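A structural walkthrough
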Amino acid sequence: MAFEIPALPYAYDALEPFIDAQTVELHYSKHHTTYLKNLNTALEKYPQYFDHKLESLLSSLDSLPEDIRTVVRNNGGGVYNHNIYWAIMGPKRGGEPVGKLASAISSTFGSFASFKEQLEKAGLGRFGSGWAWLSRKADGGLVIHSTPNQDTPLAEALFPVLGVDVWEHAYYLKYQNRRADYLANWWNVVNWEEAERRFLG
Ligand code: MN3
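Keep in mind that what you see is a predicted model, and the values were worked out from it rather than measured.

Topic: the domain arrangement of the chain
Interface extent is often summarised as the accessible area lost during association of the parts. Parsing the chain into structural domains produces domain 1 (21-87) and domain 2 (99-200). The C-alpha-based centres of domain 1 and domain 2 are spaced at 20 Å. Contact residues are listed per partner, giving 19 residues for domain 1 and 23 residues for domain 2. The largest per-residue losses of area from domain 1 upon contact with domain 2 belong to Asn81, Ile84 and Tyr85, which jointly make up 33% of the total buried on that side. On inspection of domain 1 and its partner domain 2, the count reaches one salt bridge. The salt bridge involving Arg73 is made with Asp151; its shortest N-O contact spans 2.8 Å. The tally of links between domain 1 and domain 2 comes to nine residue pairs in polar contact (both at pLDDT 80 or more). Sorting the residues of the side of domain 1 that touches domain 2 by element identifies α1 (21-43), α2 (54-59) and α3 (66-87) as the ones contributing at least two each. For the side of domain 1 that touches domain 2, the element with the most residues is α3, which contributes 10 residues. Among the residues forming the side of domain 1 that touches domain 2, the class breakdown is seven nonpolar, 10 polar and two charged.

Put into structure tokens, the structure is as follows:
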């Protein structure tokens, strides 16, 4: 069966005023959906991969046939990364990390303020398009990093807890070239309960 994406768990305008409705609508219904279509089209030639989990395909790209490896990397990555992005945001969210994730962030990065600064720096430092991540390492520890294009933390044997899209399509309509303003405002929509669930999962 073809891969699917979850329905957006809130209305297009739910993240206003921090992320505008038009951006959310285009981002979900055009960008994210196109990655999905491209992934499914590429896999038609090798339908056995429809029985795999997307996570496993992205964790072992080298095991895929060479003629679909790049398209799965880019479009499968696009599907996976955006699934996380929509899930870890929500209306009336923001605030501070909760539970065990809060303690892990404080002990790893010194404080929530210092963590925010480092994640924003990772997003700002990504030249061109990509993502900034808080990921869990194999030993359970946390790391801040960034990936280019639609590369996923999975390809680096990391498990994404929280990810922010820094492609221009994620912010240009409202923030134009001001990626730093988008990142600073993005904290207002972070769903820390979902991030903690991922951290513990
Ligand atoms: Mn995007």
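Examining the pairing of strand β3 (residues 159-165)
Buried residues dominate β3, accounting for six of its seven residues. Where strand β1 (residues 130-136) and β3 come together, six bridges link them in antiparallel fashion. If you follow Trp133 over to β3, its bridge partner there is Gly163.

Quick word on the coordination of the manganese ion
On the protein side, the manganese ion has His27 (NE2), His82 (NE2), Asp165 (OD) and His169 (NE2) as donor atoms, found 2.0 to 2.2 Å from it. Ordering the donors of the manganese ion by residue number gives the pattern H-x54-H-x82-D-x3-H. Taken as a pair, His27 in helix α1 and His169 in the loop between β3 and α6 (172-175) lie far apart in primary sequence, 142 residues in all. Both residues of the pair, His27 and His169, belong to the buried class.

A few points about the side chain of His27
You can call His27 buried: its relative accessible area is 1%. Ignoring anything within four residues of it in the chain, the contact list for His27 reads His32, His82, Tyr85, Trp86, Asp165, His169 and Ala170.

Focus: α3
The terminal C-alpha atoms of α3, which comprises 22 residues, lie 31 Å apart, in line with the 32 Å expected from a rise of 1.5 Å per residue. At Val72, α3 shows its maximal bend, which comes to roughly 40°.

Side note on the sheet that holds strand β2 (residues 142-148)
Spatially, the three strands line up as an open sheet ordered β2-β1-β3, and their pairing is antiparallel. If you trace the sheet from one side to the other, it starts and ends with β2 and β3, each paired once. Across the sheet, the mean angle from the axis of one strand to that of its neighbour is 25°, orientation sign disregarded. With seven bridges connecting them, β1 and β2 associate as antiparallel partners. Looking at the pairing, Trp131 lines up with Thr147 of β2. Against the sheet, α3 touches β1 and β3, its axis set at about 85° to β3. The strands that helix α4 (residues 99-109) touches are β1, β2 and β3; relative to β2, the one it contacts most, it runs at about 85°.

Conventions and cut-offs
Residues numbered from 1 in each chain as written. Predicted model: local features only at pLDDT ≥ 70, side-chain atom pairs only at ≥ 80, totals over all residues. Heavy atoms only, no water. Domains from an automatic or database assignment. Contact = heavy atoms within 4.5 Å. Buried area = accessible area lost by both parts, 1.4 Å probe. Salt bridge = Lys/Arg side-chain N within 4 Å of Asp/Glu carboxyl O. Polar contact = N/O pair within 3.5 Å; in protein donor to acceptor, adjacent residues only side chain to side chain. Helix = DSSP H or I, 4+ residues; strand = E, 2+ residues; numbered from the N terminus. Nonpolar A, V, L, I, M, F, W, Y, C, P; charged D, E, K, R; others polar. Buried < 20%, exposed > 50% of the residue type's maximum accessible area, 1.4 Å probe, protein only. Pairing = 2+ DSSP bridges. Donors = N, O, S within 2.8 Å, 3.2 Å for Na, K, Ca; no water. Expected span 1.5 Å × (residues − 1). Bend = angle between axes of the 7 residues up to and from the residue. Axes fitted to C-alpha atoms, helices over the stretch in contact; angles between N-to-C directions.

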